[in-house]
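If you want the building blocks of each chain, they are given just below.
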Amino acid sequence: MRREGRSRWWIAAVLVALGIAGCGSDSEGGGGARTLNWYVFNEPGGAYEQAVKTCNESARGRYRINYVRLPTDANQQRELIVRRLAAKDSDIDIIGMDVIWTAEFAEAGWIKPWTGARQRAARAGRLAGPLKTVEYDGRTWAAPFTTNTQLLWFNKDKVPTPPAGITWDELIDRAAKAGTGIEVQGNQYEGLTVWVNALIAGAGGEIVGEQGQDRVGPTAETAARIVHKLATSRAAPPGLATNKEDEARLGFESGRSSYQINYTFIYASAAELPGGFQKKIGWARYPRTVADRPSRPPIGGINLGVGAYSKNPDLAFDAAQCLARPENQLVASEKGGLPPTTEAVYDDPKLQKAFPFADLLRESIEAGAPRPVTPAYSDISLAIQRTFHPPDEIDPDEVVSKLRERIEKAGEGKIF
Amino acid sequence: MSERRRSERRLAWMLCAPAVIAMLIVTGYPIGYAVWLSLQDYDLRFPDDREFVGLSNYADVLTSSIWWGDVWNTTIITVASVSIELVLGMAIALIMHRAIFGRGAVRASVLIPYGIVTVVAAFGWRYAFDPASGFVQNLPLISDTAAPLTERGGSLAVIVLTEVWKTTPFMALLLLAGLALVPDELHEAAKVDGAGPVQRFFRITLPLMKPAILVALLFRTLDAFRVFDTVYIQTAGANGTETVSILGYQVLINRVNLGVGSAVSVLIFLAVILIATFFVRGLGASTARQRGEAA
């Protein structure tokens, strides 16, 4: 009897404690600065942390940005955010969106369009390549924050003549003759789509139009011939079919390959290597698909969008605009190795120091080919990956019909 | 007597009720919801186009060559890994059963792989076979440029190896329990009659262990058929290693196509029920026969 009484007391105590805790979390959101959650991948260099700090200080108590760290894998980021947005989660205020999500999120009504003065601010002074990634259906859906592109990196000790303006065919022949490899991203994942899209665009082609309509043509066959040629040549590094960006970097650093196609992060990470390896790295523009057309390098990066279910959309727009400011872009370049989207930042001496290849970078981004802007992007990308993998077993003669069939099924929401 | 029996039965149901209700809430509702979703054309990206389409999602899945290819891949992985595990597990169980010295140490060391998180084990083996960072290609008799995870046969072999390495201990443990049920007197009687160790194993141990073997096979086959983590980490379905669970994940989570994705999930569920029924039938028959013999 007595024991029972005591346990009742305990339950009451726990309930009271819970009640107090509940009140505590309520009042936190009520008074003072509004908390805005920024969902974005975890940037290990501390650049995003600093941007958040700068903006929180300049907000003078109007808002406080809370940096919510997502996984570094773009696919996992998307899955996590899509699930929340589909459930109309009001917790998401600002989204660090991979450039390929714009159309999907806009069409589903998960992000708010930027209009009027905000739109002008988001677009002001931005490079053409990144701007294309925030446009869909004639509107602007995000502010370009950081961008990225791939260069052709080479080891100056082993490559006597810089491969400027080279075509893929010449590059593969040259490497095979020299008995060295070319590191690319050949795994069945988004990186393969990046490669294939750049090859197709470099031949003047396209994969799909804005409504997801099929624009696959002979340029896909040209792309397939290049992928297949590299995968079956002596220039193919072992494990080409499983390589992602980091495996490619390792292959280049270990000396297995004298060439690699990769993003700019490989330059910064080479600084820590012994033997002054960073000084041996040379760079050239992305290789051409065909001899008579300039190459169309890939475009990556992060755009800042405002969640459609945010409780404080106006503040979220302000905060996103602040985060995307040129000074924060400069910090992202210096600390995170992420190139800026605002053209003027490229002239900053600090940036020239972080990226000695800044001019080539700007030129590549300006000429870059974004991946298809379509709401069904993830389906299209999956279709490309399935068609072009494994790279050494592609039949270039069949690629066009296979890719067409898959894209058609993707459009109908079928299994492909 | 029958009155008392009825009231006992009622009491039994009442005692079960909380568990039954909890099960209905946590498993019945999601399963029912998945079936309901599988009958609709429903893509999270286009919520306005949602409509009831009957069985057409099932028709789409069952007529696609991808689904059947994936069923085949899953079957290869399941049959290969479970049969290797059965043989190895039996051997390990016999060793553990007969071990005289350090019985506890033997059992503990055998169990270690089972205690490792599947994803971690999958990463470990993936890196081991990676041409840039792995140790496998440095072993004698293996080509220095071997990259098994870049082609189909190699990938399937690595996946099966990982599964076997990880779950053989589980198999061994279940079989050990069965082994403990075989009475020593039978072995001694057979020995007196002149039966050798091989004969005794096949004529006495195996038949008496049949229920334990079936239970072990049932658990492992169900697990193996739903294999996801190992494949996801090691190939993500590349090189013709896609399993039905990976397909379901891709349609449901990546393409957020709830209709077709749920249809895939329901089909996997039906396949699992089919496997379970098959084994439970065999189990029922063998235990019934044993009981008959004992009486």
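Any details on the overall build of chain B? Residues and values, ideally.
Each helix and strand in chain B was counted, giving 11 helices and two strands. Starting at the N terminus and ending at the C terminus, chain B contains elements arranged as α-β-β-α-α-α-α-α-α-α-α-α-α. Each principal axis of the C-alpha distribution contributes one length, and for chain B these read about 75 × 75 × 30 Å. With 295 residues in all, chain B has 43% of them scored as buried. Contacts in chain B between residues at least 24 apart in sequence constitute 69% of all its contacts with a sequence separation of at least 6. As displayed, chain B offers around 16100 Å² of accessible surface, 70% of which is attributable to carbon and sulfur atoms. A distance of 12 Å separates the average location of the 23 positive side-chain charges in chain B from that of its 22 negative side-chain charges.

I'd like to hear about the pattern of salt bridges, residue by residue, with values.
Residues and elements named next belong to chain B. Applying the stated rule across the entire model yields 38 salt bridges over all chains. For Arg220, the salt bridge is made with Glu85, and the minimal N-O distance between the two is 2.6 Å. With Arg220 in helix α8 (residues 197-225) and Glu85 in helix α3 (residues 65-98), this pair connects stretches of sequence that are 135 residues apart. A residue is classified by how much of its surface remains accessible, and Arg220, at 2% relative accessible area, is buried.

Help me get a handle on the state of the cysteines, residues and values and all.
Residues and elements named next belong to chain A. Under the counting rule described, the total for this entry stands at one disulfide over all chains. The disulfide partner of Cys55 is Cys322, and the gap between their sulfur atoms is 2.0 Å. One quick way to see it: the torsion about the S-S bond of Cys55 and Cys322 is about -100°, and its sign makes the bridge left-handed. Within this pair, whereas Cys55 is found in helix α2 (residues 47-58), its partner Cys322 is found in helix α13 (residues 313-323), the two being separated by 267 residues in sequence. Residue classification places Cys55 among the buried positions, given a relative accessible area of 0%. Overall, Cys322 belongs to the buried group, its relative accessible area being 5%.

Kindly report on the pairing of strand β3 (residues 94-98) of chain A, identifying the contributing residues and their values.
Residues and elements named next belong to chain A. When you tally the buried positions in β3, you get five out of five residues, the bulk of the element. Both faces of β3 are covered, namely the face carrying Ile94, Gly96 and Asp98 and the face carrying Ile95 and Met97. Note: strand β1 (residues 34-41) against β3, two bridges, orientation parallel. Pairing of Tyr39 across the sheet is with Ile95, part of β3. Pairing geometry for β3 and strand β12 (residues 300-307), over five bridges, is antiparallel. From the neighbouring strand, Asp98 faces β12, where its bridge partner is Ile302.

Please give an account of the nonpolar core that cites residues and values.
One finds A:Trp168, A:Ile182, A:Trp195, A:Leu230 and A:Phe388 to be the most contacted residues of the largest nonpolar core, which totals 45 residues. Every element with two or more residues in this core is listed here: β8 (151-155), α7 (168-178), α8 (190-202), α9 (218-231), β10 (257-262), α17 (377-388) and α18 (396-411) of chain A. When residues of this core are assigned to their parent elements, the largest contribution, seven residues, is made by α9(A). Those residues within four positions of A:Leu230 in sequence are excluded, and the remaining contacts are A:Trp168, A:Ile172, A:Ile182, A:Val184, A:Trp195, A:Ala235, A:Ala236 and A:Leu240. Core analysis: the next-biggest nonpolar cluster, separate from the first, contains 43 residues, A:Ile415, B:Ile66, B:Leu176 and B:Ala263 among them.

Lay out the sheet that holds strand β9 (residues 181-183) of chain A with the relevant residues and their values.
Residues and elements named next belong to chain A. Ordered in space as β9-β10-β8-β11, the four strands form an open sheet in which the pairing is mixed. What marks the edges here is a single partner per strand, and that holds for β9 and β11 (281-284). Strand after strand, the sheet turns through a mean of 25° between neighbouring axes, direction not considered. As paired strands, β9 and β10 are joined by three bridges and run parallel to one another. When the sheet's bridge partners are listed, Ile182 is paired in β10 with Tyr259. Together, β8, β9 and β10 form the strand contacts of α7, whose direction differs from that of β10 by roughly 150°. Sitting on the sheet, helix α10 (residues 245-253) touches β8, β9, β10 and β11, and the angle it makes with β10 is about 155°.

Please give an account of α18(A) that cites residues and values.
Residue and element names in this part refer to chain A. The terminal C-alpha atoms of α18 lie 23 Å apart, and with 16 residues this matches the ideal 22 Å at 1.5 Å per residue to within 8%. Taken together, the buried positions of α18 are Pro396, Val399, Val400, Leu403, Arg406, Ile407 and Ala410. The inward-facing, buried residues of α18 abut α9 and α17. Of the residues trailing α18, Gly413 is marked for its positive phi of about 70°.

Thresholds, definitions, all that
- Residues numbered from 1 in each chain as written.
- Chains lettered and ligands numbered in written order.
- Predicted model: local features only at pLDDT ≥ 70, side-chain atom pairs only at ≥ 80, totals over all residues.
- Heavy atoms only, no water.
- Helix = DSSP H or I, 4+ residues; strand = E, 2+ residues; numbered from the N terminus.
- Buried < 20%, exposed > 50% of the residue type's maximum accessible area, 1.4 Å probe, protein only.
- Contact = heavy atoms within 4.5 Å.
- Areas by Shrake-Rupley, 256 points an atom, 1.4 Å probe, with all protein chains shown as cover.
- Lys, Arg positive; Asp, Glu negative; His and termini not counted.
- Charge placed at Lys NZ, Arg CZ, Asp CG, Glu CD.
- Salt bridge = Lys/Arg side-chain N within 4 Å of Asp/Glu carboxyl O.
- Disulfide = S-S within 2.5 Å.
- Pairing = 2+ DSSP bridges.
- Core = buried A, V, L, I, M, F, W, Y, C linked by side-chain atoms within 4.5 Å.
- Axes fitted to C-alpha atoms, helices over the stretch in contact; angles between N-to-C directions.
- Expected span 1.5 Å × (residues − 1).

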